[in-house]
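Next come the chains, spelled out residue by residue.
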Amino acid sequence: MTGRGPLVVVGDTLLDEDIEGTATRLSPDAPAPVVDVTGSRCRPGGAGLAAALAAGDGRDVLLVTALGDDEAGDVVRRELGGRVRLVELPLDGTLPVKTRVLAGGRPVVRMDRGGGTPGTPDAAVREALEGAAAVLVADYGRRTADAVRDLLAAVAPRTPLVWDPHPKGGAPVPGARLVTPNAAETRVLCPGGETSTRPDITQAQSRRAGEAPTRAPALPAGEDASLRAYAERGAELADRWRAAGVAVTLGERGALLTGAGGGTPMLVPAPYRAVGDPCGAGDCFAAATVAALAEGALPEEAVQRAVAEAAAFVAAGGAGNPALWCAERAAQPVEEPGGDAFALAERVRARGGTVVATGGCFDLLHAGHVGLLESARRIGDCLIVCLNSDASLARRKGPDRPLTPQADRARVLAALGSVDAVVVFEEDTPEALLRRLRPDVWVKGGDYAVQDLPEAEVLRAWGGQAVVLPYLDGRSTTLLARRAARAAVPIGPSKPRGR
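Residues numbered from 1 in each chain as written. Predicted model: local features only at pLDDT ≥ 70, side-chain atom pairs only at ≥ 80, totals over all residues. Heavy atoms only, no water.

## Examining unusual backbone geometry
That bond from R401 to P402 is cis: its omega, 10 degrees, falls within 30 degrees of zero. Position of P402 among the secondary structure elements: in the loop between α13 (390–397) and α14 (406–415). Residues other than glycine seldom take positive phi values, yet R143 does so here, at roughly 75 degrees. As for its position among the elements, R143 is in the loop between β8 (134–138) and α4 (144–147). (Helix = DSSP H or I, 4+ residues; strand = E, 2+ residues; numbered from the N terminus.)

Structure below.
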């Protein structure tokens, strides 16, 4: 980070609890599912989740929040320890706890309990904000932002400030660089306009972690009218709050960036359709936005980065992804364009299909790659590509590689009709990833021998098979790169024209 201090997150921290199980029958005394519990886990939510996500790339993050002396507060301190630094406000009451009961990964019911009133900030809060490289306000309507409001107003004119609002919270302070409401929140904050009976899918897709849906008018009829209405609401809110910009998050449709005074809005679509748990996507979007602004990005660039990171976050399982809170995360997917590869594999297996996977660097996609992928897809019912990350590729090929960054490589692969999902891995080989994915068939090109593949032994553990497919001769990234280098014409001063 290029700022002069840490990234500071201010807001309401919650404790989120997921109770997981299976439901195969109804209760005999009521038409309600019986959930056989298989496990549970707790994690910080609200501003605590936003701070943890902001710190995910090793950033120095400081969280200003209200914590009590109860058990829930102790769990939050323990989970955030070593990730973010805490500056605590006193809490008169208990930390809010939001419990989801899930059956087969789908929420069945949510129970909320606890709550308190934040106390007065001390000198440590003032010092934290005055030394911040950027500030994120994660407002969940529980008055932490209200308690710190005067200090936030003082730093907003000179420090990039992103405000993630809540209908039950106060208005953002004047001078915010970006405000990031979701679609449902804009309809509550700007009521009126056309309504229809169209199902409100955007509200569910845009929901922030641990928050129940807020009752709001239905979407305006028609896709264009909907975008126009959100652009108008965004501009109205920017004027009302005296904010430089408002980015309305639209779930899988991306985000709509508007400014005060109207003008042409910028729609930033999601890079792919992310299938997964959207819980916490709003926190991820806000955290990515403020991190980008702290590094000197323009608001347009920050929103583009945030949309991409939120899509990857949802595809990886959202706030419920256990990898977010594991010390060792190298074996987890970095990005999953084309959807959640693990959920895809489970669906294909559940209907008796064959899961096929292949792997490689795919630094410059060429005809050999395309032929291999098309052949591999014909073997089974889905094809998942395990892609070397930039760091992994550099260790294998040398410091001058990759020629194409992993985000671009993943996007190109995901756009191929033969590829159903892409997973990026950090290790030198995809063995750890394959143990999670458990494909039925592992495919490599003809320049390998099955006995030389370390993955072959891994697949035998669950009865999988490694195979080699024919490969087009004379095609390779190295040859393409050499040919391009030879064809490059040095650019020098032009010769004078003859008279």
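From this point, things continue past the structure.
## Remarks on the pairing of strand β2 (residues 13–26)
Pairing of β2 with strand β3 (residues 33–46), which is carried by 13 bridges, proceeds in the antiparallel orientation. Paired with R25 across the strands is V34, a residue of β3. Bridging between β2 and strand β6 (residues 91–103) involves seven bridges; their strand directions are parallel. Within β6, the residue paired with G21 across the bridge is A103. (Pairing = 2+ DSSP bridges.)

## Topic: helix α3 (residues 123–130)
Inspection of α3 places V125, A128 and L129 among the buried residues, and these make up the whole buried set. Angular distribution of buried residues about the axis of α3 spans 95 degrees; they occupy a single face of the element. For α3, the secondary structure elements touched by its buried residues are β1 (7–11), β4 (61–66), β5 (85–89), β8 and α5 (149–155). (Buried < 20%, exposed > 50% of the residue type's maximum accessible area, 1.4 Å probe, protein only. Arc of directions from axis to C-beta. Contact = heavy atoms within 4.5 Å.)

## Quick notes on the packing of helix α9 (residues 281–294) against helix α10 (residues 299–315)
Packing of α9 against α10 brings their axes to within 8 Å, and their N-to-C directions diverge by 145 degrees. As for the relative orientation of α9 and α10, their crossing is right-handed in sense. Counting all contacts with α9, which are made through A281, C284, F285, A288, T289, A292 and L293, the residues of α10 involved are P299, A302, V303, R305, A306, V307, E309, A310, F313 and V314. Across the contact of α9 with α10, the residue classes break down as 14 nonpolar, one polar and two charged. (Axes fitted to C-alpha atoms, helices over the stretch in contact; angles between N-to-C directions. Left-handed = near helix turned anticlockwise from the far one by under 90°. Nonpolar A, V, L, I, M, F, W, Y, C, P; charged D, E, K, R; others polar.)

## Points about the sheet that holds β3
Taken together, the four strands give an open sheet; going across it, the order is β3-β2-β6-β7, and neighbouring strands pair in mixed fashion. Edge positions in the sheet fall to β3 and β7 (106–118), since each has one partner strand and no second. Going across the sheet, the axis of each strand differs from the next one's by a mean of 15 degrees, ignoring polarity.

## Notes on the nonpolar core
Membership of the largest hydrophobic core comes to 96 residues, with the highest contact counts inside it found for L129, V135, L152, L161 and V303. For this core, the leading source of residues is α9, giving eleven residues. In contact with L161, not counting residues within four places along its chain, are V135, V137, L152, A156, V173, A176, R177 and L178. Ranked by size, the runner-up nonpolar core spans 23 residues in total, among them A345, I384, F425 and V458. (Core = buried A, V, L, I, M, F, W, Y, C linked by side-chain atoms within 4.5 Å.)

## Observations regarding empty space enclosed by the protein
Taken as a whole and assessed by the stated rule, the structure comprises four cavities of 30 Å³ or more. A volume near 80 Å³ is recorded for the second largest cavity. Lining the second largest cavity, in full, are D12, T13, T65, A66, L91, L95, P96, G116, P118, R142 and T144. Put simply, the parts of the chain that give the lining of the second largest cavity at least two residues each are β4, β6 and β7. For the lining of the second largest cavity, the leading source of residues is β6, giving three residues. Grouping the constituent residues of the lining of the second largest cavity by class yields five nonpolar, four polar and two charged. (1 Å grid on protein atoms, 1.4 Å probe; cavity = no way out; pocket = protein on both sides within 12 Å on 5 of 7 lines; lining within 4 Å. Points joined across faces, edges and corners; volume = space filled by probe spheres on them.)

The values are spatial; any link to function lies outside them.
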